[in-house]
Amino acid sequence: MPRSKRPIFTVQKHQATHLHYDFRLEIGGVLKSWAIPKGPSLDPSVKRLAVEVEDHDLCYANFEGVIEEGHYGAGPVLVWDAGWFEPLDANQGPESLALMLHAGKLEVHLQGQRLRGGFTLVRMKDRPRQWLLIKQRDKEARPGHEVVEEFSTSVLSGRTIKDLETAVAARTLETYRCG
Ligand code: MN
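First, a word on what this report is: a plain description of the structure on this page. Values in this document were obtained by computation on a predicted structure and should not be read as measured data.

## Overview of the overall build of the protein
When its secondary structure is counted, the protein shows three helices and nine strands. Along the protein, helices and strands appear, N-terminal first, in the series β-β-β-β-β-β-α-β-β-β-α-α. Its C-alpha atoms give the protein a radius of gyration of 16 Å, near enough to 16 Å, the size a compact globule of 179 residues would have. Here the protein holds 179 residues, and 47% of them are scored as buried. Expressed as a percentage of contacts within the protein between residues at least 6 apart in sequence, the contacts between residues at least 24 apart total 57%.

Here's what the structure looks like:
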């Protein structure tokens, strides 16, 4: 399959009322989204709570900037990771992703700059919007390592959350409209 046809994923670091990482997977023409308070991990022994949130338009994948005061999620957002993904099972095409999502267990291979290899996203029993994101044990696993501590910058611009806040204060940040 040509690389351009592979679905995209993005992870946005979002300093709202509470810092979190928005993990988004392109499934069924939208970005299915989860808010991960502690961010993703490459340590297979770590299970990260991922709270299912509203779908986002595909154009939001590259959004980096500041959500204005008075809007939901007000605060700076940067693109912490970006790339493509596919079902971990090589026999499954992208069309199987919606079924896996519905069944409450997604096993995917991520090909980002910081997140790579197999990941499991599994819905918790009796908690319909709460999932766990877990790194699989493969050559990309980094036991004992916290990738969100290693990298704090945007993969698009190299900016940090602080840089965005500074740009807002200086009124030099461009505005962005999705769609
Ligand atoms: Mn968010």
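## Focus on the coordination of the manganese ion
For the manganese ion, the full set of protein donor atoms is His 14 (ND1), His 20 (NE2) and Asp 22 (OD), and the range of their distances to it is 2.1 to 2.3 Å. Look at where the donors of the manganese ion fall in the sequence and you get H-x5-H-x1-D. For the pair shown, His 20 and Asp 22 are each scored as buried.

## Looking at the side chain of Arg 114
Looking at the secondary structure, you find Arg 114 in the loop between strand 7 (105-111) and strand 8 (116-123). Here Arg 114 occupies a buried position and makes no salt bridge, while the nearest side chain of opposite charge, Asp 81, is found at 5.5 Å. A polar atom in the side chain of Arg 114 sits 2.9 Å from the backbone oxygen of Trp 80.

## Quick word on the pattern of salt bridges
Here the structure, examined in full by the defined rule, presents nine salt bridges. Residue Glu 150 pairs with Arg 142 through a salt bridge whose shortest N-O separation is 3.8 Å. Take Glu 150: its relative accessible area is 41%, and that puts it in the partly exposed class. Judged by its relative accessible area of 37%, Arg 142 falls in the partly exposed class. Linked through salt bridges whose partners overlap, the residues forming this network are Arg 116, Lys 139 and Glu 140.

## Things to note about the packing of aromatic side chains
A full pass over the atoms with the stated rule returns five aromatic pairs. Centre to centre, the rings of Phe 23 and Trp 34 are 6.3 Å apart; their planes meet at 50°, and the pair counts as tilted. Taken together, the positions of Phe 23 in strand 2 (residues 19-27) and Trp 34 in strand 3 (residues 30-36) put the pair 11 residues apart, joining distant regions of the chain. What makes Phe 23 buried here is its relative accessible area of 1%. Consider the rings of Trp 34 and Trp 131, whose centres lie 5.6 Å apart with planes at 80°: the pair is edge-to-face. Highlighted residues: Trp 34 in strand 3 and Trp 131 in strand 9 (residues 130-135), separated in sequence by 97 residues. Note that Arg 6 overlies the ring of Trp 84, its terminal NZ or CZ placed 3.9 Å from the centroid. The cationic tip of Lys 135 hangs over the ring face of Phe 119; the distance from NZ or CZ to the ring centre is 4.9 Å.

What counts and what doesn't
Residues numbered from 1 in each chain as written. Predicted model: local features only at pLDDT ≥ 70, side-chain atom pairs only at ≥ 80, totals over all residues. Heavy atoms only, no water. Helix = DSSP H or I, 4+ residues; strand = E, 2+ residues; numbered from the N terminus. Rg over C-alpha atoms; globule rule 2.2 N^0.38 Å. Buried < 20%, exposed > 50% of the residue type's maximum accessible area, 1.4 Å probe, protein only. Contact = heavy atoms within 4.5 Å. Donors = N, O, S within 2.8 Å, 3.2 Å for Na, K, Ca; no water. Lys, Arg positive; Asp, Glu negative; His and termini not counted. Salt bridge = Lys/Arg side-chain N within 4 Å of Asp/Glu carboxyl O. Polar contact = N/O pair within 3.5 Å; in protein donor to acceptor, adjacent residues only side chain to side chain. Phe/Tyr/Trp six-rings, centres within 6.5 Å; stacked < 30°, edge-to-face > 60°. Lys NZ or Arg CZ within 6 Å of the ring centre and 35° of its normal.

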